[in-house]
Amino acid sequence: AQRVTQPEKLLSVFKGAPVELKCNYSYSGSPELFWYVQYSRQRLQLLLRHISRESIKGFTADLNKGETSFHLKKPFAQEEDSAMYYCALLGGGGGNKLTFGTGTQLKVEL
Amino acid sequence: GAVVSQHPSWVICKSGTSVKIECRSLDFQATTMFWYRQFPKQSLMLMATSNEGSKATYEQGVEKDKFLINHASLTLSTLTVTSAHPEDSSFYICSAIPGGVSNQPQHFGDGTRLSIL
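Please read these numbers as outputs of a predicted model, since none were measured by experiment.

Novice: I'd love a proper account of the overall build of chain B, names of residues and values included.
Specialist: Per the secondary structure count, chain B includes zero helices and 11 strands. When the elements of chain B are put in sequence order from the N terminus, they spell out β-β-β-β-β-β-β-β-β-β-β. At 13 Å, chain B has a C-alpha radius of gyration in line with the 13 Å of a compact globule built from 117 residues. C-alpha atoms of chain B, sized along the principal axes, occupy 40 × 25 × 25 Å. Every one of the 117 residues in chain B was classed for burial, and the buried ones make up 49%. Put simply, 54% of the contacts in chain B that link residues at least 6 apart link residues at least 24 apart. Accessible area of chain B: about 5700 Å², with a carbon and sulfur share of 52%. Averaging the locations of the 9 positively and 9 negatively charged side chains of chain B gives two centres separated by 5 Å.

Here is the structure:
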C-alpha cells in the first residue's frame, strides 16, 4: 500500500532561516510526487511536482529514491511562506489518485 | 485558468436530511473529478473518483449509498450525503483534472464545511 509520511505537524522558523519540510513515501512502483500548499483561508494549490524539477517561490524538492524522500526546502524563509504544506503521491492502480500526507503547518516568525 | 468552484461553502442542517454539494470546473472540462473528506487537523482522505457518464469509484470503507456521486456533465459533479448524521460533519473538498489527462495536476475547490446538528 502507498503511504506518505510528514513527521512534523508544526514547523516554526524565523524569517530568513532555512526551511526543510520532510516527506517520506512508501510505494512499490515509480512514484510521482507533489507538494501542495494551502494559505490561510484559501484553497489547496499545487506548489511543485518532482518531474518539473523547477523552483517555485524559492522552494525546491528533490526526489531521493534511495531514501524514499521528497523533502521541500527553501534557503531563506519569508513571512508569506506561512501556510499548510501537504506532500502527495500519485500512484496506485492508475486513475490519477493522490495520497496525501498529514500536512505540516509552517509558521515563519519575524 | 483551471478554476474549480464548490457550492455551498458552508451548510448546517438537521440530522436525517440529505445534503447536496456541487463541484464545477469553471473554465475547463473534466472527465474526472475527485471527492475528499478532511477532518480537523488531519489529511485529505480520498472518498471517491467521479467519472463523467459512468459510476463513481469509491475507496474502501466509503459507503456508496451514503455518499451518492453524480457526474452528469463534463463540468459538474455532485456529492449527496444522504440521511446525514452528526458523524458526517466534516470538510468536503473536490478536485478536477483538466480533460482527465493522465498525470495532470489536480485543481481543488474551496471546500464545503458540513455541520449536522
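Next, the rest of the story.
Novice: Hey, could you go over the interface of chain B and chain A for me, with residue numbers and the actual values?
Specialist: Listed per partner, the contact involves 21 residues of chain B and 15 residues of chain A. On the surface where chain B and chain A come into contact, there are two salt bridges. A salt bridge links Asp110(B) to Arg43(A); the shortest N-O distance between them is 3.0 Å. Breaking the side of chain B that touches chain A down by element, the ones donating at least two residues are strand 4 (32-38) and strand 5 (44-51) of chain B. Here the side of chain B that touches chain A is built from residues that sort into 10 nonpolar, nine polar and two charged.

The rules behind these values
Residues numbered from 1 in each chain as written. Chains lettered and ligands numbered in written order. Predicted model: local features only at pLDDT ≥ 70, side-chain atom pairs only at ≥ 80, totals over all residues. Heavy atoms only, no water. Helix = DSSP H or I, 4+ residues; strand = E, 2+ residues; numbered from the N terminus. Rg over C-alpha atoms; globule rule 2.2 N^0.38 Å. Buried < 20%, exposed > 50% of the residue type's maximum accessible area, 1.4 Å probe, protein only. Contact = heavy atoms within 4.5 Å. Areas by Shrake-Rupley, 256 points an atom, 1.4 Å probe, with all protein chains shown as cover. Lys, Arg positive; Asp, Glu negative; His and termini not counted. Charge placed at Lys NZ, Arg CZ, Asp CG, Glu CD. Salt bridge = Lys/Arg side-chain N within 4 Å of Asp/Glu carboxyl O. Nonpolar A, V, L, I, M, F, W, Y, C, P; charged D, E, K, R; others polar.

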